[in-house]
Amino acid sequence: MFLFNPIKIRDKEHKTELNKLNKMKEIVPSTCRMCHGGCQVNVHLEEGRVVKVTGNPESVVSKGYLCPKGAASPELLYHPDRLTHPLRRIGARGENKWERISWEEAIQEIVEKLAHIKQTVGPQYFALLHGTTRPYVDMASRFCNAYGTPNYVNVAHNCMGPRTMASVFTIGSMVAPVPDAYEPGGITPKCIVLWGSNVTEIGSAQGMNAGIIKRALIAAEKVIVIDPRRTKEAGRSSQWLQIMPGSDGALALAMIHVIIAEDLIDHEFVRDYTVGYSELLAHVGEYSPEWAEKITGISPEQIRLAARTYASVRPAAIYWGSAIDASKCSFQTARAIMILRAITGNIDVPGGDIIPVPVTNVKLKSQFVNSEITGKLLLPIQNHRLAVDSIAAKKQSEFLSGKGVALTFKFLNVLQKKVYPLLTKLSAKKTPAAQLKTLSKLRTSKYPLCPVTHPPTFWKSITANDPYRVQALWIMGSNPLVTMTDPLETERALKLVEFVVVSDFFLTPTAHYADIVLPASMWLEQDDVVNTFEQWCVTNRKKVAQIGETRDDRDVLIEIARKLKLEKAFPWENYRAFVDEMLEPANLDFDSFSNKQIIQEKMRYLKYREQGFNTPSKKVELFSTTLLDMNISPVPVYRAAVSSGAAVRSPDKYPLLLTSGAKSMMFFHSEGRQIKSLRKSNPDPILEINHSAAASRGINDGDWVYIETPACRVKMKARITDAVLPEVVSAEHGWWFPEEEAPDYGWQKSNINMLFTADNFDPDVGSECLRSVFCEVYSAMPGA
Ligand SMILES: Nc1nc2c(c(=O)[nH]1)N[C@H]1C(S)=C(S)[C@@H](COP(=O)(O)OP(=O)(O)OC[C@H]3O[C@@H](n4cnc5c(=O)[nH]c(N)nc54)[C@H](O)[C@@H]3O)O[C@H]1N2
Ligand SMILES: Nc1nc2c(c(=O)[nH]1)N[C@H]1C(S)=C(S)[C@@H](COP(=O)(O)OP(=O)(O)OC[C@H]3O[C@@H](n4cnc5c(=O)[nH]c(N)nc54)[C@H](O)[C@@H]3O)O[C@H]1N2
Ligand code: SF4
Ligand SMILES: [Mo]
């Protein structure tokens, strides 16, 4: 008799079920974009739904690394609060009354407005603003340039801009050097200085991956950390310099002083590949470690030790962070650090501070290596004069309001047709530094090295109507009410602009001031060829989902540009067509590129030996005559980071020095507060305060406290620690509360930028003192 075997049958059924399920399961290799790290990841799909994202262990870029933000990508994708269709404001501005409109209507309205502005008052009356670098930024700047507005506003003055400018004016490279951590030459740095960056605790910075940097740090013989907080890396470093916030410039100068005084320079490199050594030598004589001690709080012995270690343990690399960028002397500090790299012979050597070689067989979309793509050459040079932060614009508006209108137009016409094209042609041949010099002369901006329209000046131009008030503003991926200084001024400005468009994933506090809100797609909804900051490789990003009617910002830019008759600058029908063009030189279509996942360029070291540096002298410029011509100190100087605005230090009232914005692993600036898994790990805004400072103020760990400057006060939760000095406090930035009632979402109560008035800038590059304002802290607990 045949015996029925239920187990076997169940096995079979199970297997068929599994097979079915497996068929519905899919793993798609892609590149994460929850921050600008560009980690290669695997996207796991079940029945077409993204269920998880994991690190790709095969990736040479990220070697399997994945941070909590990357893992939370599906939560962002499917978040119930995401914007899924365009909205038009129907109530008063900021009243939170909206109607759903179609993309056609939204685009039609924007096109009509922009066409009208260009025709009636001129393209400069439209501005586009974005925050940090995002996938659309090249397309956005191209859009501005093609449309003709010089008012392209973003945060570069506070973030990367000063470091990039220092790289341009010292070694002639728009791509600032990075530590040789990916080992293309087989070695990593023997000494690493982690200077104002906490990359390993946040996931990625400067486009480099925390996991990769961590490996390099472990492999290094010496690690020096320069940070006012005892970060994890500071705790396990060879030497931790607990610097007073905002004083890095003094430390860098003193380190140059020691290296020169103790004859630790790389003689051959200095002799053959630099100019201005004798001027530098004469200049740094006064910047002794004893001088720096009073400013930095670091003892002369510690400064000497750090300088000796850095100069003698080679190859050495400096991983610098955004702490360098946001002070009263950001550019000069970054210049001094560039000079440290040069005089020790660490530039572009294996295991040192390298300049990666950009991928050559792909048309990279980067302003750093391909200005054609950003459309820089599309903006007529004279339009730079029309920027709201240009002194020339002010003069022009005064002149135009007088009698000179007809004459001016005649004159401009000649310039436009004859003189400027010639200038453009000539300037294209020059080094980046010389180009910037021409540009800054044309623009005659207050901050000659600010690479974009200076945001605080931009907001002021609106509220003061000086030199003029833009009529339309498109905010694409920024939450300036939370991420920029002086948010109340920003709010006043947002109320005054006639027409505001905001593209975002969510209705943020800023988006509430929009007339039209556009729903942006996130990385899981996009096809892309991704190139991170270093450009040495491109990786694939693959669309795996579509939520509602969200659209790729770049598709929207292209469609609007083409409707504005800018097809010459935007020949592509959509972004995918552009991506195909990027891949043309590699003879690949997008699908085969996606299978390949990565295209890498081979690293070449010591490139300067064949081609020199791309500076006017073809050498590293320790002394820069270009800077001198621009009325900027040709050798690096230190400028005290006095606290901002009215907050001139009054030791009794404001005895604590506040540094703000050390990034959190869980959030990307003001993003992620609505993502449960991330918020759970970092539920409240944190202020780090030393035990003794807390005790003398009656503050306990976990208490809500007020942080006050003469500008305002905000509330945060105290974390009592010995990681900061008693006279220093460190606050997170980017806080708002999406769970609270719209349209405010409590954006003012814990927003650290409320404490900064925007009136204290680095005169060279226009950055702000986000790392140094005097404040007081006191309990906000009931009964306190
Ligand atoms: N006090 C203080 N302030 C700081 C800093 C500090 O250290 N201290 N750090 C500064 C620095 S370094 C920077 S870079 C700036 C960052 O400033 P922002 O770039 O303004 O900051 P985010 O909060 O990242 O971005 C704002 C919005 O962009 C949306 N978004 C994200 N990706 C996309 C996209 O692809 N498309 C569209 N359309 N929208 C998108 C997000 O949902 C978010 O609402 O903040 C600065 N602010
Ligand atoms: N998770 C996460 N990752 C991010 C971001 C994010 O918001 N979240 N933002 C991205 C962006 S746009 C940027 S610019 C980078 C920024 O990332 P990083 O370049 O690493 O810079 P920060 O996090 O701003 O600050 C790093 C360290 O500087 C220290 N610091 C504060 N003040 C000073 C000072 O005056 N001098 C010195 N030497 N150190 C100081 C802080 O204590 C902190 O440990 O990160 C990027 N990656
Ligand atoms: S570090 Fe950035 S790119 Fe990498 S997984 Fe985290 S969020 Fe994604
Ligand atoms: Mo940044």
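### What to know about the overall build of the protein
Phase 1: For the protein, the helix and strand inventory stands at 29 helices and 29 strands.
Phase 2: For the protein, the C-alpha radius of gyration of 27 Å lies close to 28 Å, the compact-globule estimate for 784 residues.
Phase 3: Across the 784 residues that make up the protein, the buried fraction comes to 62%.
Phase 4: Within the protein, counting contacts between residues at least 6 apart in sequence, those at least 24 apart form 75% of the total.
Phase 5: About 30500 Å² of surface is accessible on the protein, with carbon and sulfur atoms providing 53% of the total.

### Some points on the packing of aromatic side chains
Phase 1: Counting across every chain of the model gives 25 aromatic pairs.
Phase 2: Note on Tyr447 and Phe761: the rings are 5.6 Å apart at their centroids and 70 degrees apart in plane angle, and the pair reads as edge-to-face. Residue Tyr447 is located in the loop between helix H19 (432-443) and helix H20 (455-464), and its partner Phe761 is located in the loop between strand E28 (728-731) and strand E29 (773-779); the two are separated by 314 residues in the primary sequence. For the pair formed by Tyr447 and Phe761, the shared burial category is buried.

### Considering the site of ligand 2
Phase 1: Around ligand 2, 34 residues are found, and the nearest of them are Ser204, Asp227, Arg229, Asp248 and Phe667.
Phase 2: Between ligand 2 and the protein, one listed contact pairs a nitrogen atom with a backbone N or O atom of Phe667 at 2.6 Å.
Phase 3: Arg771 places a polar side-chain atom, nitrogen or oxygen, 3.5 Å from an oxygen atom of ligand 2.
Phase 4: Of the residues contributing to the shell around ligand 2, the split by class is 14 nonpolar, 14 polar and 6 charged.

### Concerning the sheet that holds strand E27 (residues 712-721)
Two modes of strand pairing occur in sheets, parallel and antiparallel, and in both the strands are linked by backbone hydrogen bonds.
Phase 1: The strand order around the closed barrel built from 6 strands is E24-E28-E25-E27-E26-E29, with neighbouring strands paired in mixed fashion. If you compare each strand with its neighbour and ignore which way they point, the axes differ by 45 degrees on average.
Phase 2: Summarising the sheet, strand E25 (residues 686-690) and E28 pair through 3 bridges and their orientation is antiparallel. Bridge pairing links Ile689 to Val729 in E28.

### Concerning the state of the cysteines
Phase 1: A full pass over the atoms with the stated rule returns 0 disulfides.
Phase 2: Looking at the unpaired Cys329, the closest cysteine sulfur is the one in Cys769, lying at 8.7 Å.

### Looking at the side chain of Arg134
Phase 1: Relative to the helices and strands, Arg134 is located in the loop between strand E6 (126-129) and helix H5 (137-147).
Phase 2: Taking the relative accessible area as the measure of exposure, Arg134 reaches 15% and is therefore buried.
Phase 3: Apart from the residues lying within four places of it in its own chain, the contact partners of Arg134 are Arg33, Gly477, Phe668 and Glu671.

### Side note on the confidence of the model for the protein
Low-pLDDT stretches of the model should not have their predicted coordinates read in fine detail.
Phase 1: Summary statistics for the protein give a mean pLDDT of 91 and a share of 91% for residues scoring 70 or more.
Phase 2: Here residues 1-9 is a poorly scored stretch, pLDDT under 50, and it has 1 contact once near neighbours within four places are set aside; other chains count.
Phase 3: The low-confidence segment residues 643-648, where pLDDT is below 50, has 18 contacts with residues more than four positions distant or belonging to other chains.

### A word on the sheet that holds strand E13 (residues 239-241)
Phase 1: Reading across the sheet, the 4 strands line up as E13-E12-E9-E15 and stay open at both edges, with parallel pairing between neighbours. This sheet does not close on itself; its edge strands, each paired only once, are E13 and strand E15 (316-320). Between one strand and the next, the sheet's axes are offset by a mean angle of 15 degrees, whatever the strand orientation.
Phase 2: Pairing analysis gives 5 bridges linking strand E9 (residues 191-195) to strand E12 (residues 222-226), with the strands arranged parallel. Considered in E12, the bridge of Val193 is made with Ile224.

### Let's talk about the nonpolar core
Phase 1: Grouped together as the largest cluster of nonpolar side chains are 112 residues, with contacts concentrated most on Phe143 and Trp474.
Phase 2: Residues contacting Phe143, with those up to four places away along its chain left out, are Leu114, Phe126, Leu128, Trp474, Leu557, Ile560, Ala561, Leu564 and Phe570.

### A few points about unusual backbone geometry
Phase 1: Note that the residue after Arg314, namely Pro315, is joined by a cis bond; omega there is 0 degrees.
Phase 2: Mapping Pro315 onto the fold places it in the loop between helix H14 (300-312) and E15.
Phase 3: Residue Ala742 is joined to Pro743 through a cis peptide bond whose omega torsion reads 0 degrees.
Phase 4: Structurally, the position occupied by Pro743 is in the loop between E28 and E29.
Phase 5: Non-glycine residue Met160 carries a positive phi angle of around 75 degrees.
Phase 6: A positive phi is found at Lys565, a non-glycine position, where the angle reads about 65 degrees.

### Quick look at the side chain of Asn479
Phase 1: Position of Asn479 relative to the elements: it lies in the loop between strand E17 (472-476) and helix H21 (480-483).
Phase 2: Overall, Asn479 belongs to the buried group, its relative accessible area being 4%.
Phase 3: Within polar-contact distance, the side chain of Asn479 engages the side chain of Ser670 at 3.2 Å.
Phase 4: Look past the residues within four positions of Asn479 in its chain and what remains in contact with it is Thr508, Pro509, Thr510, Ser670 and Trp736.

### A look at the pattern of salt bridges
Phase 1: Enumeration according to the criterion identifies 40 salt bridges in this entry.
Phase 2: Glu233 serves as the salt-bridge partner of Arg236, at 2.8 Å between the closest nitrogen and oxygen.
Phase 3: A relative accessible area of 4% places Glu233 in the buried class.
Phase 4: Here Glu739 and Arg679 are joined by a salt bridge, their closest N and O atoms 2.9 Å apart.

### Section: the pairing of strand E3 (residues 49-55)
Phase 1: Direction of pairing for strand E2 (residues 40-46) relative to E3: antiparallel, over a ladder of 6 bridges. In the strand pairing of E3, Val41 is matched with Gly55.
Phase 2: Connecting E2 to the antiparallel partner E3 that follows it, the hairpin turn spans 2 residues, and Glu47 within it adopts a positive phi of roughly 50 degrees.

### What to know about the packing of helix H4 (residues 103-120) against H5
Phase 1: Running from amino to carboxyl end, H4 crosses H5 at an angle of 40 degrees, the nearest separation of the two axes being 12 Å. By the criterion of interaxial angle, the relationship of H4 to H5 is oblique. Residues Leu114, Ile117 and Lys118 of H4 form the contact with H5, whose own contacting residues are Phe143, Ala146 and Tyr147.
Phase 2: Partitioned by chemical class, the residues of the contact of H4 with H5 number 5 nonpolar, no polar and 1 charged.

Cut-offs applied
Residues numbered from 1 in each chain as written. Chains lettered and ligands numbered in written order. Predicted model: local features only at pLDDT ≥ 70, side-chain atom pairs only at ≥ 80, totals over all residues. Heavy atoms only, no water. Helix = DSSP H or I, 4+ residues; strand = E, 2+ residues; numbered from the N terminus. Rg over C-alpha atoms; globule rule 2.2 N^0.38 Å. Buried < 20%, exposed > 50% of the residue type's maximum accessible area, 1.4 Å probe, protein only. Contact = heavy atoms within 4.5 Å. Areas by Shrake-Rupley, 256 points an atom, 1.4 Å probe, with all protein chains shown as cover. Phe/Tyr/Trp six-rings, centres within 6.5 Å; stacked < 30°, edge-to-face > 60°. Near = heavy atom within 4 Å. Polar contact = N/O pair within 3.5 Å; in protein donor to acceptor, adjacent residues only side chain to side chain. Nonpolar A, V, L, I, M, F, W, Y, C, P; charged D, E, K, R; others polar. Pairing = 2+ DSSP bridges. Axes fitted to C-alpha atoms, helices over the stretch in contact; angles between N-to-C directions. Disulfide = S-S within 2.5 Å. pLDDT = per-residue confidence, 0-100. Core = buried A, V, L, I, M, F, W, Y, C linked by side-chain atoms within 4.5 Å. Salt bridge = Lys/Arg side-chain N within 4 Å of Asp/Glu carboxyl O. Parallel < 35°, antiparallel > 145°, perpendicular 65-115°, else oblique.

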